[in-house]
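Reading the structure
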Amino acid sequence: MMRRVVVGLLVVAALAWAGWRWLRPAPPAPTESAAADSSGAGVRSARLYFAARSGDSLVAEPRELVEAASLHERVATLVAELDHGPRGGGVAALPAGTSVLHVFYDDHGLLTLDLSRAFQQGFRGGTGAEYLAIASLVRTLGANLPEVHRILIVCGGEPIATLGGHLPLDQPLDVSDWP
Amino acid sequence: MSGAIRRARLAAASALAAMLLAGADWRTLPRGEGPDAVPVRRIDGAPYVAVNDLARLLDATKFWHGDVRKLQLRSGRHSITFTVDNPFVVVDDATLWLPSPVRSVRGELQIPAALVDSLPRDPALARLFFDARRSRVIVLPTSGTIGSPTVTASGGVTRVSFPADDPDAAVVVARSRAHLRVRFGGLFTGAVPDSLPSGGLLRAMRPIAAAGGSAFECEIAHEASGFRLGPDASRRRVVLELFREAVAGTEQFAPEGPRGPRVLRTIVLDPGHGGDDPGVMAGGAVEKDLTLALARVLRTELEHRIPARVVLTRDDDRGLTADQRAEVANHARADVVIALHFDGLPAADARGATAYCPPATFTEAGDAETSRGGSFQLLPWRDVAVRQAVPSRSLAEAVLSALELRGEGPTRLRDRLPCALLGVNAPGMLLECAVLTSPADRERVQQAEGLRQLAATIAEGVVAWQRNE
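Residues numbered from 1 in each chain as written. Chains lettered and ligands numbered in written order. Predicted model: local features only at pLDDT ≥ 70, side-chain atom pairs only at ≥ 80, totals over all residues.

**Notes on the overall build of chain A**
Threshold: Numbering of helices and strands runs from the N terminus, with a helix taken as a DSSP run of H or I at least four residues long and a strand as a DSSP run of E at least two residues long. Remark: C-beta atoms are placed from the backbone, and a residue is labelled buried if 20 or more other C-beta atoms sit within 10 Å of its own, exposed if 12 or fewer do, or partly exposed between those counts.
When its secondary structure is counted, chain A shows 4 helices and 7 strands. Burial statistics for chain A: of 179 residues in total, 39% are counted as buried.

**Focus on the overall build of chain B**
The secondary structure content of chain B amounts to 8 helices and 30 strands. Classification of the 469 residues of chain B by burial places 43% in the buried group.

**Thoughts on unusual backbone geometry**
Only a minority of non-glycine residues have a phi that is not negative, and only a minority of peptide bonds are not trans. Residue and element names in this part refer to chain B. Residue P410 is reached from G409 by a cis peptide bond, and omega for that bond is 0°. Assignment of secondary structure puts P410 in the loop between α6 (389-405) and β29 (411-415). With phi around 50°, D44 is a residue other than glycine that occupies positive phi space. Tracing the chain through its elements places D44 in the loop between β2 (41-43) and β3 (46-50).

**As for the pairing of strand β20 (residues 214-220) of chain B**
Residue and element names in this part refer to chain B. Filter applied, for reference: In short, DSSP must find at least two bridges between two strands for them to pair.
Within β20, 5 of the 7 residues are buried, which leaves it mostly tucked inside the rest of the structure. When strand β17 (residues 180-184) meets β20, the two strands line up antiparallel, connected through 5 bridges. Note that in β20 the partner of R181 across the bridge is E217. With 6 bridges connecting them, strand β19 (residues 202-208) and β20 associate as antiparallel partners. Residue L202 lies in a different strand from β20, and its bridge partner there is I220.

**Notes on the confidence of the model for chain B**
Residue and element names in this part refer to chain B. We apply this condition: A score between 0 and 100, pLDDT records how confident the predictor is in each residue. Throughout, a pair of residues is in contact if the C-beta atoms placed from their backbones lie within 7 Å.
Confidence along chain B averages 85 in pLDDT terms, with 88% of residues attaining 70 or more. The low-confidence segment residues 1-33 (pLDDT under 50) makes 28 contacts with residues lying over four places distant or belonging to another chain. The ipTM value of the predicted complex is 0.77, and its pTM value is 0.70.

**Observations regarding the environment of D117(B)**
Take D117(B): it is sitting in the loop between β10 (108-112) and β11 (127-131). Sequence separation between D117(B) and R127(B) is 10 residues, and the spatial gap between their C-alpha atoms is 9.2 Å.

**Details of the nonpolar core**
Definition in use: Nonpolar cores are identified as sets of buried Ala, Val, Leu, Ile, Met, Phe, Trp, Tyr and Cys residues joined via C-beta atoms within 7 Å.
Counting 163 residues, the largest nonpolar core has V137(B), V337(B), V399(B) and L431(B) as its most contacted members. Those residues within four positions of V337(B) in sequence are excluded, and the remaining contacts are V268(B), D270(B), A329(B), L421(B), V424(B), A426(B) and G428(B).

**Digging into the pairing of β3(B)**
All names here are of chain B. Here β3 lies mainly inside the structure; 4 of its 5 residues are buried. Pairing analysis gives 3 bridges linking β2 to β3, with the strands arranged antiparallel. Paired with I43 across the bridge in β3 is A46. Taken together, β2 and the strand that follows it, β3, pair antiparallel across an intervening segment of 2 residues, in which D44 is found at a positive phi of about 50°. As defined by bridge partners, β3 adjoins β10 across 3 bridges and the pair is classed as antiparallel. Across the sheet, residue V49 finds its bridge partner in β10, namely I111.

**Let's talk about the domain arrangement of chain B**
Here is the rule: Start and end points for every domain follow an automatic or database-based domain assignment.
Taken domain by domain, chain B holds domain 1 (30-140), domain 2 (145-243) and domain 3 (266-467). Just the C-alpha atoms count here: the centres of domain 1 of chain B and domain 2 of chain B sit 35 Å apart.

**A few points about the sheet that holds β29(B)**
Residues and elements named next belong to chain B. Test applied: In this analysis an axis means a line fitted to C-alpha atoms, helices contributing only their contacting stretch, and an angle means the value between N-to-C directions, from 0 to 180 degrees.
Read across the sheet, 6 strands follow the order β26-β23-β27-β30-β28-β29 without closing on themselves; strand pairing throughout is mixed. Of all the strands in the sheet, just β26 (309-312) and β29 have a single pairing partner and so form its edges. The average angle at which neighbouring strand axes cross in this sheet is 20°, direction not considered. Bridging between strand β27 (residues 336-343) and strand β30 (residues 428-435) involves 6 bridges; their strand directions are parallel. Directly across from H341, in β30, lies its bridge partner E432.

Below, the structure written as structure tokens:
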């Protein structure tokens, strides 16, 4: 008898809890003011390219970035986001710790990109990793800076012949050659 | 329970189910190939695009005014103002009435896709296109679109005609008969023909990935003697003409050797890295040691199959510069050069083999035109290997095919001149034989039998290339 009472009380309690969970007011839906673009500051959407896990290609990932005033800031922000890595299904392709030291744009579509020493010193891998690192960088800058058509990569203020010894970097890279 | 709560729960459950069924975050864009595009989704049956995606496509900055629930996008001198739950949108100084109201879903505004047809036509503002068939909004390149090509053949000339908004933006980027590639500035919105005219010089055609436009790869018959690419008289189309007989003003294909067995007297194997440069190191495997071991085994395998001299750029553990490697190959008068490497990739599940060979950017015009006293093409010695782009690609395809058949793939082929072939005056490729960061690949090549099998497979590919059947 006592056992039936206990079981009955447990069933009633469970039903009451379930009913309370179902009937209670839903939490307020997030309002627009909670969104990332809610402040008075400008926010821009960027498209970043990371390596696919298969190593075959790049994968695109949209990301919201606070608007940068100068070209240097825009490039530095994009490279920093590549360095932070993907939030989706891709893999970071840029050598860890890579940052932008200087940029120079010549008004003819050529961007000279001076990267920190970490770009070269932090590189590990073979031709595939080298290809993906360069492609990730060139494609991201090309997609978000439409005025840039060619990119010359230098490192620590000096020209570099290659990143890891497999692919030449001594000449500007045509953005359209890196699909 | 109120109806509103129930509807909200149902909507949330439906959205979650849809996301689970899709197997991915709906905001995640597809692979990096193709045009810049964002997905369109249906809300109450109407197509909508997320405002963050729209802002990215328009290269716009967003400003939210919470007190009046308005969001403004600013791109250059243009502005677009949305009001939540309101179908009226202010574009610059004009007010538009959209077929459905702007919605707010999970804190992000959703904009009726119909808006993209009403945006101002201004070169400074991205031109958007609502692709209802594929449920996406895409950015049209400044060169517009490329339509479905038509192919005709008559009188020894085959013409491939592409409708194009900007016919001047078309260019030939690779000129081998087997892989003639034409790149356009516009976005391809049509379809390639189901069949080609018999007796024509075009064997096959397919669209390929291209950044900021579109591209096609064509296979041309060996009987073709030259080609010409340019706008037609109306300047509304780009015409690729293929000529059976030599005609003045045509362009030449990339140089390629005669058909039949290739002369293969000297093979140069270039084991990558060495000395202070170990290359990729993973799980106890060191690339410089593996490349040297593979080169030695491959030398034996080749000598058993082909009466050729096999030269190694290094036969011990020492480092060589790219110039020194090229000097060994050129001094040996190499008929083919294979740079042997093992890859390391960011993800451990990536595996297989990749070949890098020179792109077909050089033409036959140099020798031919010079002999007629016409123009000539200067080529830096650094890039001399691109003269051998066609046989190099054939070599890469033959070796990768052999690897794929032996289950040592997946395989990839990239048209990119590697450092190992700078200044090398011979057909060649850089071959990443396996991926050392992949446990499966690494275990295979670390075993003597696995390395011997790999060498035998590469040798089979070289023999197939030499036969040129």
